[in-house]
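# Commentary on secondary and tertiary structure
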Amino acid sequence: MYKAIVFAGTTEGYALCEFLAENHVPVYACAATEYGGSLLKENEFLHVSAGRLKTEDMEELFQREAPEIVLDATHPYAAEVTKNIRTACENGNIRYQRVLRPEGEKNREAIYVESTEKAAELLSGTEGNIFLTTGSKELSKFTVIPDYQERLFARVLSIPSVISSCAELGIEGKHLIGMQGPFSTEINEAMLRQFQCSYLVTKDTGLAGGFPEKMEACQRCGVTPVIIGRPLQEEGLSLPEARVFLAKLFGLTLSQRVSLVGIGMGAEKTLTLEGKKAFDEAELLIGAKRMTDAVQRPGQMVLHEYRSDKIVEYIKTHPQYRTVAIALSGDVGFYSGARKLMDLLDGDVQVICGISSVVYFMAKIGLSWDDARIVSAHGRDCNLIALIRHNPKVFSILGTEDGVARLASRLVAYGMGDVTLYVGENLSYENEKIFHASAAELTEYRGDALSVVTACNEKALPLPAVHGICDEEFLRGKAPMTKEEVRTVSLSKLRLQEDSVCYDVGAGTGSVSVEMALRAWKGQVYAIEKKEDALALLKENRRKFATDNLEIVPGTAPEAMVELPVPTHAFIGGSSGNMNEIIRLLLDKNPGVRIVINCITLETVTEAMNAIRDFSLTDVDIVQLSAARSKSIGRYHMMMGENPIYIISCSGRGEEI
C-alpha cells in the first residue's frame, strides 16, 4: 500500500517522489515513458511504473493502492492527462493535489499565441529560420510552414523512436538536433547563431524547463520568441509549497541545506565551480543586491538582505525552501559575515570558499601576499598609518569614494608621501581599474567605493620589540617628560592589549602616549594636556612616530575627559591636584579600568593612596624606582641620580570592558 501516488512527468514530480521516499513515505511514481521512469531510482519506499495510463487504468490503480493523496505533477501542457487524473480521483473519491511550476515572466519582445496551430499559422507568414524547442509530439503541425524543411531546426530528445518519427516528416540532418536538457543560455545562444535563426518557438515551461535561459538567449541574439500559452488556466502548489503541504499531511520534519558561498569580487567569472553549483541548485538566494544580481538564476526566489539575524529569521520561517544559498562578498573566511551566520544557523550548513580580493588583486599587480599585513578598513576602525609605517607591504579593503585620498593625505601629513599605493577598483567587473602612484600624488583622488589598496613602504621601520624608546628620539622642549626607565616599568604595569582604549592624563611631551599608541595599534589613545607648549610638542611627536590612533585632547582633567569614549586603561602622569575626581570619573566610565599613577612628590603619593582606599581599588602594587645615569667627566663616568618615582598600579572592582 502506497500512501502517495505521484504522476511525475516533470522535474517537480521527480523531486517530490525523492522527497517522500527520503522521509520513508511509501510513494508510487507514474511516468509516461520508459525514459521518464529511468530518471527515478527505485528503493524500498519508491516504486516506479512507466507507461501511459487511461482514466480507467488510473481508477484501478487508485482502488488497489488506496493512497491518501494523488499528486499531479505532470507537464503544464499535458492538459488531457491532467483532466484524466482529476476525473479518476473524483470517481474514486481520492484526494487530488495539482503541483504546478510557476509561469515565466512576461517578455515584451515575445509573441504569445494560444496553441501550436496558431504558432505555425503565424510563422507561415514570416521569413527567416525557426528554432523549435517544443519537442517532437507536435512537430507535424509545423509542416504547414512553406519551405519548412529548410527553415525549421528542431531540438528533440535523442531517442531512436523520436529521431525516426522526425525523419519521416522530412526533418533530419543538420535540421534535427537530438539532445537532452537542461540547456544553458550559452548553448541556446550558440544554436541560434549557428543556424542563423530569426524565431524561437517554445512553451512557457518555467524555471525547471529552461524557459528563462531561452529568453535570455533570444535577447542576446536579437531573436523573436514565439511562446505557446498553457492550455489550462490552473491553480496549484509550487514545489516548495508542495513540500510544506506534504510535511503537514504526513507529519514530516522539513530539512534545509544552507550554503554560505563566497562570490569572490562579484563577477560570475571569479565564482568557483562549487559555488556556482550551490547557486544553480538554490531554491532561495539571499544577499545584498549587488551580490545577488551577479549570481541570480532566472526565476529564482531572492531575498535582498545582509543582516545576519534577519537572514536567519527568514530562513527559519520559510521551511519550504529546501536549498538556500547565501551570497557573501569575497571569501567566507576573509572579513566575511559567515562567522556570525555560522553561530546563528543550525542544521545542515555548508561553507563554500570564494576568491578573496587580496588573492585576486595581488596577482593582478604581480606581488606576493604571504608577507603582507592584511586588514580591512571597510566599515571598521583600522590604524592603517601605523601598519604602513611598520610594514613594507600592507593590503586593505577600503569602501568609500574618498578612501584613497584620505589615506594618502594622512600618509603625507606623517611624512610618508613617497609610499607607493596600488589601487584596485571594481575588481573582476568590466570597469575594473588598477593603477599605482605615490601617496603624494593621490591626496585629491576620488574613485569608486568598491576598492582595495596595497601600500608599499620601502622605508618601513620595525615596531620596537620592548617598551622604552630612547628619550633622545622624542622632541622635548621645556615640557616634562616621563623618562625611558620609568616609562618602561609604568607601561609594563599597565598591561596594554592591542585594542586597548587608553587615557594619558597630563601627557606632557607625549612619550607615554606615543608608546601606548604603538602598543595598542588596534585601539585608541587620548592624550589629555592643558599646557600650550606641551600640546605643540605632542603634535610633533605624534607626527614623527606616525601614531594616527593618538588623539590630543586640550584641557584639564577630569573635565576634558567627560566626553571621551570608555577607557580600558589610564596612565596618570599629572593630576593638577584632581586625583580623586579623575579616578572617580574613570571608575564611572569603566568600573574595571586598569590605572597606573606616577608620583614624584609625597603629597601626590598621599592623594593616590587615599583614592585607592576611598574607592576600594584592587590589585594594588607600589614600586619606588630610583634610576641613575652615567655622566662623562674626563675619562671617568659618574652616576647622576634621577628623581625617585613612585609607580602605583591598581584596578577597579568591576568587570573590565
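Before reading on, note that the structure itself is shown above.
Report follows, based on the coordinates. No experiment lies behind these values; they were computed from the predicted model shown.

### Digging into the pattern of salt bridges
Side-chain pairs of opposite charge can arise whenever the charged atoms involved come near each other. Summed over the entire model, instances satisfying the criterion amount to 32 salt bridges. Between Arg 487 and Asp 471 there is a salt bridge; the shortest N-O distance is 2.7 Å. Pair noted here: Arg 487 is in helix α18 (residues 484–494) and Asp 471 is in the loop between β21 (451–456) and α18, with a separation of 16 residues, a long-range link. Comparing Arg 487 with Asp 471, the two get one shared label, buried.

### A word on helix α13 (residues 308–316)
Listed as buried for α13 are Ser 308, Ile 311, Val 312, Tyr 314 and Ile 315. Each buried residue of α13 lies within a common arc of 160° when the element is viewed along its axis, so the set occupies one face. Buried residues along α13 sit in contact with β12 (257–262), β13 (284–287), β14 (301–304), β15 (323–328) and α14 (338–344).

### Remarks on the sheet that holds strand β11 (residues 224–228)
A sheet is described by the order of its strands in space; here 6 strands give the open sequence β6-β11-β10-β7-β8-β9, paired in parallel fashion. A strand with exactly one partner marks an edge of an open sheet, and here the two such strands are β6 (111–113) and β9 (176–178). Mean inter-strand twist for the sheet, computed between neighbouring axes without regard to direction, equals 20°. Alignment of strand β7 (residues 129–132) against strand β10 (residues 197–203), held across 4 bridges, turns out to be parallel. Paired with Asn 129 across the two strands is Cys 197, which belongs to β10. On top of the sheet, helix α5 (residues 116–124) reaches β6, β7, β10 and β11; it is set at about 150° to β11, its chief contact.

### A closer look at the packing of α18 against helix α19 (residues 511–519)
Relative placement of two packed helices is described by the angle separating their axes and the distance separating the axes. Relative to each other, α18 and α19 sit at 45°, their axes nearing to 11 Å. The angle between the axes of α18 and α19 places the two elements in the oblique class. In the packing of α18 onto α19, the handedness of the crossing is right-handed. Seen from α18, the contacting residues are Arg 487, Leu 491 and Leu 494; seen from α19, they are Ser 511, Val 512, Glu 515 and Met 516. Its residues assigned to classes, the contact of α18 with α19 comprises 4 nonpolar, 1 polar and 2 charged.

### Concerning the sheet that holds β14
One open sheet holds the 5 strands; their spatial order is β14-β13-β15-β12-β16, and the pairing between them is parallel. With one partner strand each, in any of the chains shown, β14 and β16 (348–352) form the two edges of the open sheet. Neighbouring strand axes in the sheet, compared pairwise and without regard to direction, differ in orientation by 20° on average. By the bridge criterion, 6 bridges tie β12 to β15 in an arrangement that is parallel. Of the residues in β15, the one forming a bridge with Gly 262 is Leu 328. Helix-sheet contacts for helix α11 (residues 273–281) involve β12, β13, β15 and β16, and the interaxial angle to β12 is about 135°.

The rules behind the values
- Along each chain, numbering runs from 1 in the same order as the chain's sequence is written.
- Under the rules for a predicted model, residues below a pLDDT of 70 receive no local features and side-chain atom pairs below 80 are neither given nor counted, while totals for whole chains, interfaces and linings still include all residues.
- Hydrogens and water are ignored here; the side-chain numbers use all heavy atoms of the structure.
- The rule for a salt bridge is simple: a side-chain nitrogen of Lys or Arg has to be within 4 Å of a carboxyl oxygen of Asp or Glu.
- Put simply, DSSP H or I for four residues or longer makes a helix, DSSP E for two residues or longer makes a strand, and each gets a number counted from the N terminus.
- For every residue, the accessible area (1.4 Å probe, protein chains only) is compared with the maximum for its type, and the residue is labelled buried under 20%, exposed over 50%, or partly exposed between those bounds.
- An arc is given here, and it is the one of the directions from the helix axis to the C-beta atoms.
- Residue contacts are counted whenever heavy atoms from the two residues lie within 4.5 Å of one another.
- In short, DSSP must find at least two bridges between two strands for them to pair.
- Fitted lines through C-alpha atoms give the axes, limited to the stretch in contact for helices. The angle between two N-to-C directions lies from 0 to 180 degrees.
- Angular relationships are summarised with four words: roughly parallel below 35 degrees, roughly antiparallel beyond 145, roughly perpendicular across 65 to 115, and oblique for the angles in between.
- Should the near helix be turned anticlockwise from the far one by less than a right angle, the crossing is left-handed, and should it be turned clockwise, the crossing is right-handed.
- Gly falls in the polar group here, along with every residue not listed as nonpolar (Ala, Val, Leu, Ile, Met, Phe, Trp, Tyr, Cys, Pro) or charged (Asp, Glu, Lys, Arg).

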